[in-house]
Amino acid sequence: MAEQDFATIMLGQAMGAIFEEKMQGFKGGVDEDAVKAIVEAAITEKIGSGGIAELVETAVKKAVASKPKPTKLEVMLADRKIETKAAVRHEVFDDVLKIIARGQHVWMYGPAGTGKSEICRQVAEAIGAEYFYTGAILDEFTGLKGFIDANGKKHGTQFTMALDAAAAGKEVVMCFDECDGSVPEVLLTLNNYLSGGAIECMGTLYTVNEHMHIVACGNTNGRGGTMQYTRQRIDEATLNRFVRVPVTYSLRIERAIAGGDEELFEFARGLRETAEKSGIDILVTYRTLGQLKDLAPAIGANKAVEYVVCSALDEGDMRVLLNEMGRLAKMKDNVMYKAFEKAVKSNG
């Protein structure tokens, strides 16, 4: 194992450094080679008895276990076998890929920053499809169908480019992000395309074919806004064209971002869950976790928490979160929670 060999080398270097340091006070008074032989024999005996070797092996196994394990999935798409392998994917990735492979369209919904559009991009990559993306569409022509200006020039959109690619026989994944923020007229046009099997764009008639895979993403399930998100209510006829898949924050991805720092992982999840229960409006996303992971070693945990977390809250909300999180058993000796506590007190 490469990690085992490397750890053994590191151990040897560490022992060598300690040996040189301890020998400084004995220069000229002892036979250095003889001492080295005695020390090496003692280490060899210890390794043979399972002492040092066991410690090294335990440390290496722990480090290897914390590395994200590759996942492998095989599906069939239009009689073509698709095999995927990646270090870290969201827990719903496999389901979304299988749904797409069955020719169904998908509506992924969940909080901001859960990775919905990234899942969409990964699905496109997995099936070897061209990936097209658009955010909330506020105009049917400039955002969806395209238009021809007064000079006869055509102005296409991501959707019309996707239609062209699918018509040419290429696999296409079209992501409509923030779909529940688009104007209703646009979604009705999209529904007409999916139900009627054709759409006219800039004088060209496009028919639905097996190469076009549509994924809509939103913060809601299409049934209207929530306390946190002001969104459109989507008519049931349109929603019925999609398989709705809820997407939450991924334990797998967050553990990978935390890089084995369990206290950081627990702090982020505890902060998010406590904020949700307390009705406090703060987003604790993968980006939040990544910023804390990156900044804490550079500027200290206290400042990292102050800049990344406290700056997004008012004093009252900070104290509510501090008190409620303090009730969680996992926060008792959590370094990041203690940094949060100091930051809150300094803001007061």
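Here goes a summary of the coordinates provided.

All right, on to the overall build of the chain then. When its secondary structure is counted, the chain shows 15 helices and 11 strands. A burial count over the chain gives 39% of its 348 residues as buried. Restricting to contacts in the chain with at least 6 residues of sequence separation, those with at least 24 account for 68%.

Between its first and last C-alpha atoms helix H15 (residues 335-347) spans 18 Å; for 13 residues at 1.5 Å apiece the expected length is 18 Å, and the two agree. Against the buried residues of H15 lie helix H11 (262-278), helix H12 (286-299), helix H13 (301-308) and helix H14 (315-325). For H15, the side-chain oxygen to backbone nitrogen distance between the N-cap and Met336 is 2.8 Å, and the N-cap itself is Asn334.

Moving on, we get to the packing of H12 against H13. When two helices pack together, their arrangement is captured by the angle between the axes and the distance separating the axes. The geometry of H12 relative to H13 is characterised by a closest axis approach of 7 Å and an angle of 145 degrees between their N-to-C directions. In this structure, the crossing between H12 and H13 has a hand that is right-handed. Taking contact as the criterion, the partners of Thr288, Gln291, Leu292, Leu295, Ala296 and Ile299 in H12 are, on H13, Ala301, Lys303, Ala304, Val305, Tyr307 and Val308. Residues that form the contact of H12 with H13 fall into these classes: 9 nonpolar, 2 polar and 1 charged.

The next subject is the pairing of strand S7 (residues 172-176). Within S7, 5 of the 5 residues are buried, which leaves it mostly tucked inside the rest of the structure. Here S7 shows a buried face lined by Val172, Met174 and Phe176 and a second buried face lined by Val173 and Cys175. Here strand S4 (residues 130-134) pairs with S7 via 5 bridges, running parallel. Note on S7: the bridge partner recorded for Tyr131 is Val173. Where S7 and strand S10 (residues 212-218) come together, 5 bridges link them in parallel fashion. What sits directly across from Val173, in S10, is His213.

Let us look at the packing of aromatic side chains. Under the criterion given, the structure shown has 5 aromatic pairs. The interplanar angle of 55 degrees and the centroid separation of 5.7 Å between the aromatic rings of Phe159 and Phe176 together place this pair among those described as tilted. Taken together, the residues span a long stretch of sequence, with Phe159 in helix H7 (residues 158-167) and Phe176 in strand S7 at a distance of 17 residues. Each member of the pair, Phe159 together with Phe176, is buried. Considering the side-chain rings of Phe267 and Phe340, the 6.0 Å spacing of their centres and the 65 degrees angle between planes classify their relative orientation as edge-to-face. Within this pair, whereas Phe267 is found in helix H11, its partner Phe340 is found in helix H15, the two being separated by 73 residues in sequence. Against the face of Phe265 rests Arg255, its NZ or CZ located 4.0 Å from the ring centre. Stacked on the ring of Tyr249, the Lys or Arg Arg272 has its end atom at 3.8 Å from the ring centre.

The interhelical angle for the contact between H11 and H15, taken along N-to-C directions, is 55 degrees, at an axis separation of 7 Å. The angle between H11 and H15 falls in the class oblique. In this structure, H11 contributes Glu263, Leu264 and Phe267 to the contact, and H15 contributes Val335, Met336, Tyr337 and Phe340. Of the residues that constitute the contact of H11 with H15, the class distribution is 6 nonpolar, no polar and 1 charged.

Not every positive phi belongs to a glycine, and Glu178 is a case in point at roughly 50 degrees. Mapped onto the secondary structure, Glu178 falls in the loop between S7 and helix H8 (184-196). Judged by relative accessible area, which is 30%, Glu178 ranks as partly exposed. The phi dihedral of Met202 falls on the positive side, at around 50 degrees, and the residue is not glycine. Checked against the element boundaries, Met202 lands in the loop between strand S8 (198-201) and strand S9 (204-207).

Conventions adopted
- Residues numbered from 1 in each chain as written.
- Predicted model: local features only at pLDDT ≥ 70, side-chain atom pairs only at ≥ 80, totals over all residues.
- Heavy atoms only, no water.
- Helix = DSSP H or I, 4+ residues; strand = E, 2+ residues; numbered from the N terminus.
- Buried < 20%, exposed > 50% of the residue type's maximum accessible area, 1.4 Å probe, protein only.
- Contact = heavy atoms within 4.5 Å.
- Expected span 1.5 Å × (residues − 1).
- Polar contact = N/O pair within 3.5 Å; in protein donor to acceptor, adjacent residues only side chain to side chain.
- Axes fitted to C-alpha atoms, helices over the stretch in contact; angles between N-to-C directions.
- Left-handed = near helix turned anticlockwise from the far one by under 90°.
- Nonpolar A, V, L, I, M, F, W, Y, C, P; charged D, E, K, R; others polar.
- Pairing = 2+ DSSP bridges.
- Phe/Tyr/Trp six-rings, centres within 6.5 Å; stacked < 30°, edge-to-face > 60°.
- Lys NZ or Arg CZ within 6 Å of the ring centre and 35° of its normal.
- Parallel < 35°, antiparallel > 145°, perpendicular 65-115°, else oblique.

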